[in-house]
Amino acid sequence: PTLPSRARVVVIGGGVIGTSVAYHLGHLGLTDTVLVERDQLTSGTTWHAAGLMITFGSTSSTSTALRCYTRDLYTRLEAETGLATGFKPVGFIELAGDEGRLEEYRRVATFNRYCGIDVHEISPREVADLFPLARTDDLLAGFYIEGDGRVNPVDVTMSLARGARNQGVTIAQGVTVLDVMVRNGRVAGVVTDRGTIECEHVVNAAGMWARQLGERSGVA
C-alpha cells in the first residue's frame, strides 16, 4: 500500500514481534498504525526460529502470564483470521540430570502451578514412555506439560499480520527505514526510502538489526 505521510505509531520490522505489536495495537483501537518491513514478512530472524510454545520455566508471574496468553492466542487465532498458526500441543518435557537442576525445576514447577500451569514431575521411565528416543539412564526426573508444544513461526506471523490488517493497520513491505527523526528529545517521524512518515511513537522490532537502528538515535 501507499505509505501515509502521518501515523500515530510506526512499527519497524515485519517479524513475529512486529506483527504481534501491530495486531494488539489494532485491537486496542490504535488503528492509525503503520508497520514497515524492509523485505517481506518473516524474512529476517523469524523464519528460522524454533517455534517452541512453552509455558513452563519462568519464575516471573508476568512472563508466565504472557506465555499462557500467547498459547491461548495461537490456539484461537485461526478462527479470527482464517490463517492457522501451526500450533500443535504435542507436550513439553524439561529434563533434570543432577540434583541441582532437580531442585531448581521443582521450585519452578511449584511456582508455575501457583500460576495455573498444569505441570507434573515424572520419572525417567515415564519420560521414556512419552519420548522413546530419549536416553533416560542418567536422568533423575522430568517435568511434563501436556498442553505445550510448537508453532510454525511463519504461519503465526502471517496470521497476526492478517489480524492487524483486519483492524485497519497498514502493513507495507519492501520499505527500508533510513532514520528515525527526533525533535526536542521526542520521536517525530521515520525516514524511509519511500518517503517520511511523521509519527508520535516508534516501535523498534527490527530483529538482528534492532541494535544498529537504535544506535542511530542514541538508544542502547
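Here the structure is a predicted model, which is why all the values come from computation and not from measurement.

S.K.: Would you explain the sheet that holds strand β4 (residues 92-96) in this entry?
M.R.: Strand pairing in a sheet is mediated by backbone hydrogen bonds. Such pairs are either parallel or antiparallel. Pairing in this open sheet of 3 strands is antiparallel, and the strands run β4-β6-β5 from one edge to the other. Two strands lie at the open edges of the sheet, namely β4 and β5 (119-122), each paired on one side alone. Pairs of neighbouring strands in the sheet enclose a mean axial angle of 25 degrees, with direction left out of account. Each of β4, β5 and β6 (141-145) is contacted by helix α3 (residues 99-114), which is oriented at about 150 degrees to β5, the strand it contacts most.

S.K.: I would appreciate a short explanation of the packing of helix α1 (residues 16-27) against helix α5 (residues 153-166) in the present structure.
M.R.: When two helices pack together, you describe them by how their axes are tilted relative to each other and by the distance separating the axes. Between α1 and α5, the least distance of the axes is 8 Å, while the angle of their chain directions is 25 degrees. With respect to each other, α1 and α5 are oriented roughly parallel. The handedness of the crossing between α1 and α5 comes out as left-handed. Contact residues: Val16, Thr19, Ser20, Ala22 and Tyr23 in α1; Val156, Thr157, Leu160, Ala161, Gly163 and Ala164 in α5. Among the residues forming the contact of α1 with α5, the class breakdown is 7 nonpolar, 4 polar and no charged.

S.K.: I tried to follow the environment of Val202 on my own but got confused; where do I start?
M.R.: Looking at where Val202 falls in the secondary structure, it is placed in strand β12 (residues 201-204). Residues Val202 and Gln40, 162 residues apart in the sequence, show an inter-C-alpha distance of 19 Å. Dropping the residues within four chain positions of it, Val202 is found in contact with Val10, Ile12, Val180, Val187 and Val190.

S.K.: What's the story with the pattern of salt bridges in this structure? I'm lost.
M.R.: Pairing between side chains of opposite charge can happen when their charged atoms approach one another. Applying the stated criterion to the full structure yields 10 salt bridges. Among the salt bridges present, the one from Glu200 reaches Arg8, with a minimum N-O distance of 3.9 Å. Placement of the pair is Glu200 in the loop between β11 (195-198) and β12 and Arg8 in the segment before β1 (9-12), with a sequence separation of 192 residues.

Definitions and limits used
Residues numbered from 1 in each chain as written. Predicted model: local features only at pLDDT ≥ 70, side-chain atom pairs only at ≥ 80, totals over all residues. Heavy atoms only, no water. Pairing = 2+ DSSP bridges. Helix = DSSP H or I, 4+ residues; strand = E, 2+ residues; numbered from the N terminus. Axes fitted to C-alpha atoms, helices over the stretch in contact; angles between N-to-C directions. Contact = heavy atoms within 4.5 Å. Parallel < 35°, antiparallel > 145°, perpendicular 65-115°, else oblique. Left-handed = near helix turned anticlockwise from the far one by under 90°. Nonpolar A, V, L, I, M, F, W, Y, C, P; charged D, E, K, R; others polar. Salt bridge = Lys/Arg side-chain N within 4 Å of Asp/Glu carboxyl O.

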